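The lines below spell out each chain.
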Amino acid sequence: MDVSLISGPGSLGSVVGRKMANGRQSPTSPLKLFGHAKKKINDIFVEITAYIDEGNVFLKEDKTGLIQSDQQELLKKYTDKVAGIREILSRDRMKVAFFGRTSNGKSSVINAMLRSRILPSGIGHTTNCFLQVEGTDGNEAFIITEEAPNDHKSVQSISQLASALSKFKLDANTLIRICWPKDKCNLLRDDVVLVDSPGIDVSPDLDSWIDKFCLDADVFVLVANAESTLMQTEKNFFHRVSERLSKPNIFILNNRWDASASEIEMMQEVKMQHLERNIAFLADELKVVQHHEAENRVFFVSAREALVSRVNQDSGTPTPTGSLLEGYQGRLFEFANFERKFEECISQSAVETKFAQHTANGKQITRELHGMMGEILESAISHRNQRKQEHEEKLSHLLYTDDQLNVLTQDIKDKIKQMTEEVERKVSSALTDEIRRLAILVDEFNHPFETSALVLNLYKKELHAHIESGVGRNLQNRCSSALKTAIEGATADMSDRLMALIPDEARRQAVSSLLPTKKFEMAYRLDCRNLCADFCEDVEFRFTFGITNLMRRFIGTKGVQQRIRGYSEIPRPLSSQNASGTAVQQNVQDDSELMLTLLTTFSSLYSGTTVGVLAVAALIGRAAGWRLIAVFGAVYGLLYVYERLMWTNKAKEQAFKRQYVDYASSKLRLIVDLTSANCSHQVQQELNSTFAHLCHQVDLTKTELREELNRLEESVEQLDDAVKKTTILKNKAQFIDTELNNFILQFLKPDSRL
């Protein structure tokens, strides 16, 4: 704008020019960039915090066992790290530090920027310590000292605490925080912190100043005195700052430029001299900017005029006459231009210095968490596929086991049935053969034989035991060996076929150890003592040709007893079937009946009195002749005497054994089927027991397979859930990383592309 158009302080052009030159008229201040960036980076770190919290919950609730301890430690470390970053972000503000020699107008510059007389100012050494002006959300201003950080003091006490003229002045290295309501100052509303300092020529302890107040500053403002030139003291201080910080942002304000109004003819020459020296200091000595950039870092202002103009404008009162010197409009515009350049610089610099490292940390965190979730996701997918494959294999094996067990069960049952039937046939045949050989076994029994009741009972008892032992032994010899071989073969076959259904080698060995190792022994229980308990021997002498023996041969023992007692058996009528028999059968029957009639008649006569016997003898003698009768009687008597003499104890024993063989054979034949069935039942029971034991082990294997299937199904569900959650977390990490990239593009490196 042409300054010549603005004639004087009271003209209309002067009023309009002052409003434009007093700055902060545009609602789109560059300082808004920092606020937008701060809000954006805070929102991103809120998302990162929520992401880490969600990740912690996932890790704590994980039941898959995929999470490693180092991953848990990493997430825990980032939890603390992000919390620290968020705390720093909540305190991060744009900080500008003003330095210069005593009485160069540092406090006046800050007051002009704040548009209010906040800091004490005046001629001479005024500011004795560091003063930090920051915004507060409250309506009342207050100050805070380092000695009492929780004690809010009245802002009126600043003149006593910070002034070098006060009796209660603080140490130069002390900081006083002035909290000014944001509603009263737009600059503070945009999170700008202004730090005033004592003159750099009043204290030699500059290094401690730099360490305490300069390391986190975004912009440095060197307030120089335009009535002089840059002093070596000022240069030395900023050389130290440049050594500690990498290319600090430095502005040079040549204050009190209103003094040039009295020397208009020399103003341009002096201005060019200051400008050249300032540019050389920034570009050549400090090397913080290039020459063309340094021109925008040097300004010629009057803080006093800017403060007076702004205060009166804000209060709506006219500017006192003589407070603004000739050419003040240009100086006001220069001050406003400084503020604009300062705002642009500090906003971009603060965004970079305050948020660049946090952004880099955020990207590192999200990328490492993205990689960690990717590893967990790959592991979960791998384990899930492995569990699914194991589930398919286990299910296939279970179905195969069921089918094979059903087939084997029916097959083995059929084989057991066939084997038991074969055993029954073999035992029946063997026992029948032993019954036929019973006479030989009885003849082998050699024990003293006597007919007394006591000895005879003992003899029979031992004979029973001998027969039972001998027959059992013979059956063992004939059958047991073959049966054992058959049973062992059947057991081995069952074991091999059923063991194939048990996949676990350890279980197979355990099952093998549990199989019965005792050899099968067949038990042949004949129990001859009870079987022949009703055996009654007949060892009385019986003449071979005696009438009783002859009658016993034809009519039996019972018929003889009836005839002797005088009873006759009632003849039974012949059935029509017998009457219609063949002629040969009829003749044989007639002969038998004729002989039976003669013997009956003879016995009837014999059973009468002695007179009857004599009568019969007389009758025979008369018919055949007495000589013949005598010869026949002699022969008959000799035969009787011979047999009587031969009827010794040995003969009695032989008769006893014959009777015993006949009786025992008849009884043993009755239990052939029972004994063979008992043996087959033993074999069936042995095989069924072994088969049941093996089936039980197969059932245990099936139960274990079902439990394993349930466990695998549960594991697959857990892994599916882990895959879903890790996929979501991985995508969220990628989304946050994208937001950080967008933040870098928008606020940190708008001219670059990642």
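Residues numbered from 1 in each chain as written. Predicted model: local features only at pLDDT ≥ 70, side-chain atom pairs only at ≥ 80, totals over all residues. Heavy atoms only, no water.

Quick notes on a negative patch on the surface
Part 1 of the argument: Taken together, the side chains of Asp-70, Glu-73, Glu-375 and Glu-378 make up a negatively charged region of the molecular surface.
Part 2 of the argument: For the negative patch, the elements supplying multiple residues, two or more each, are α3 (69-91) and α12 (328-436).
Part 3 of the argument: Within the secondary structure, Glu-73 sits in helix α3.
Part 4 of the argument: Overall, the relative accessible area of 51% leaves Glu-73 in the exposed class. (Patch = residues over 30% accessible without salt bridge, like charges linked within 9 Å, V, L, I, M, F, W, Y side chains within 5 Å. Areas by Shrake-Rupley, 256 points an atom, 1.4 Å probe, with all protein chains shown as cover. Salt bridge = Lys/Arg side-chain N within 4 Å of Asp/Glu carboxyl O. Lys, Arg positive; Asp, Glu negative; His and termini not counted. Charge placed at Lys NZ, Arg CZ, Asp CG, Glu CD. Helix = DSSP H or I, 4+ residues; strand = E, 2+ residues; numbered from the N terminus. Buried < 20%, exposed > 50% of the residue type's maximum accessible area, 1.4 Å probe, protein only.)

Digging into the sheet that holds strand β3 (residues 142-145)
Part 1 of the argument: Read across the sheet, nine strands follow the order β4-β3-β5-β2-β6-β1-β7-β8-β9 without closing on themselves; strand pairing throughout is mixed. Among the strands making up the open sheet, the edge pair consists of β4 (153-154) and β9 (298-300).
Part 2 of the argument: Of the strand pairs in this sheet, strand β1 (residues 94-99) and strand β7 (residues 219-225) are connected by four bridges, and their pairing is parallel. When the bridges of β7 are listed, Phe-99 appears paired with Leu-222. (Pairing = 2+ DSSP bridges.)

Regarding the side chain of Asp-218
Part 1 of the argument: As for its position among the elements, Asp-218 is in the loop between α7 (206-214) and β7.
Part 2 of the argument: A polar contact of 2.3 Å, which involves the side chain of Asp-218, links it to the side chain of Thr-353.
Part 3 of the argument: Not counting residues up to four positions away in its chain, the partners in contact with Asp-218 are Arg-93, Met-94, Lys-95, Asn-249, Ile-346, Ser-349, Ala-350, Thr-353 and Lys-354. (Polar contact = N/O pair within 3.5 Å; in protein donor to acceptor, adjacent residues only side chain to side chain. Contact = heavy atoms within 4.5 Å.)

Some details on the packing of helix α8 (residues 232-244) against helix α9 (residues 264-286)
Part 1 of the argument: Their axes nearest at 12 Å, the elements α8 and α9 cross at an angle of 40°. The orientation of α8 with respect to α9, classified from their angle, is oblique. Pair α8 / α9 crosses with right-handed handedness. Note on element contacts: α9 touches α8 through Phe-281, Glu-285 and Leu-286, opposite Lys-235, Phe-238, His-239 and Ser-242. (Axes fitted to C-alpha atoms, helices over the stretch in contact; angles between N-to-C directions. Parallel < 35°, antiparallel > 145°, perpendicular 65-115°, else oblique. Left-handed = near helix turned anticlockwise from the far one by under 90°.)

Details of a nonpolar patch on the surface
Part 1 of the argument: A cluster of nonpolar residues, Phe-545, Val-631, Phe-632, Val-635, Tyr-636 and Leu-639, forms a patch on the protein surface that exposes about 540 Å² of accessible area.
Part 2 of the argument: Summarising the element assignment, Phe-632 is placed in helix α21 (residues 626-646).

What to know about the packing of aromatic side chains
Part 1 of the argument: The tally for this structure, following the rule as stated, stands at 19 aromatic pairs.
Part 2 of the argument: Residues Phe-299 and Phe-338 carry aromatic rings whose centres are separated by 5.6 Å and whose planes lie at 65° to one another, so their mutual orientation is edge-to-face. Placement of Phe-299 in strand β9 and of Phe-338 in helix α12 is noted, with a sequence separation of 39 residues between them. Side by side, Phe-299 and Phe-338 carry an identical accessibility label, which is buried.
Part 3 of the argument: Judged by centre distance (5.0 Å) and plane angle (40°), the ring pair of Phe-743 and Phe-747 falls under tilted. Here the residue Phe-743 and the residue Phe-747 both occupy positions in helix α23 (residues 672-748), the gap between them amounting to four residues, near one helical turn.
Part 4 of the argument: Using a relative accessible area of 0% as the deciding quantity, one classes Phe-743 as buried.
Part 5 of the argument: For Phe-747, a relative accessible area of 3% puts it in the buried group.
Part 6 of the argument: The ring of Trp-180 carries Lys-184 above its face, with NZ or CZ at 5.6 Å from the centroid.
Part 7 of the argument: Over the ring of Phe-251 we find Arg-297; its NZ or CZ atom is 5.0 Å from the centre of that ring. (Phe/Tyr/Trp six-rings, centres within 6.5 Å; stacked < 30°, edge-to-face > 60°. Lys NZ or Arg CZ within 6 Å of the ring centre and 35° of its normal.)

Quick notes on the side chain of Gln-71
Part 1 of the argument: Note on placement: Gln-71 falls in helix α3.
Part 2 of the argument: Polar contacts involving the side chain of Gln-71 include one to the main-chain amide nitrogen of Gln-68, which spans 3.0 Å.
Part 3 of the argument: Non-local contacts of Gln-71, meaning those with residues more than four positions away in its chain, are made with Leu-59, Leu-66, Met-372, Glu-375 and Ile-376.

Digging into the nonpolar core
Part 1 of the argument: Ranked by internal contacts, the top residues of the largest apolar core, which has 85 residues, are Ile-52, Val-96, Phe-98, Leu-114, Ile-178, Leu-194 and Val-221.
Part 2 of the argument: Among the elements that line this core, the one with the most residues is α12, at 17 residues.
Part 3 of the argument: Contacts of Ile-52, omitting those with residues within four sequence positions, involve Leu-75, Tyr-78, Thr-79, Val-82, Ile-365 and Leu-369.
Part 4 of the argument: In this structure, Ile-487, Phe-535, Val-539 and Phe-656 belong to the second largest nonpolar core, which totals 50 residues. (Core = buried A, V, L, I, M, F, W, Y, C linked by side-chain atoms within 4.5 Å.)

Side note on the pattern of salt bridges
Part 1 of the argument: One pass over the full model with this rule turns up 34 salt bridges.
Part 2 of the argument: Across the salt bridge formed by Asp-191 and Lys-38, the nearest N and O atoms sit 3.4 Å from each other. Linking Asp-191 in the loop between α6 (186-189) and β6 (192-196) with Lys-38 in helix α2 (residues 32-61), this pair joins segments that are 153 residues apart in sequence.
Part 3 of the argument: When its relative accessible area of 16% is taken as the criterion, Asp-191 is described as buried.
Part 4 of the argument: The buried category is assigned to Lys-38, whose relative accessible area is 11%.
Part 5 of the argument: Lys-95 is paired through a salt bridge with Asp-216; the nearest N and O atoms lie 2.9 Å apart.

With respect to the confidence of the model for the chain
Segments scoring low in pLDDT should not have their predicted coordinates read at a detailed level.
Part 1 of the argument: Put simply, the chain has an average pLDDT of 80, and 81% of its residues get 70 or more.
Part 2 of the argument: Across the chain, the element-wise mean pLDDT spans from 40 in helix α18 (residues 576-579) up to 95 in β9.
Part 3 of the argument: Under a pLDDT of 50 for its full length, residues 1-13 has, in the predicted model, 14 contacts with residues more than four places off or in other chains.
Part 4 of the argument: Long-range and interchain partners of residues 567-585, a stretch whose pLDDT sits below 50, account for five contacts in this model, where long-range means more than four residues apart. (pLDDT = per-residue confidence, 0-100.)

Section: the pairing of β7
Part 1 of the argument: Most of β7 is tucked away, with seven of its seven residues classed as buried.
Part 2 of the argument: Burial along β7 is two-sided: the face carrying Val-219, Val-221, Val-223 and Asn-225 and the face carrying Phe-220, Leu-222 and Ala-224 are both buried.
Part 3 of the argument: For β7 and strand β8 (residues 249-255), the ladder comprises seven bridges, and the chain directions are parallel. When the sheet's bridge partners are listed, Phe-220 is paired in β8 with Ile-250.

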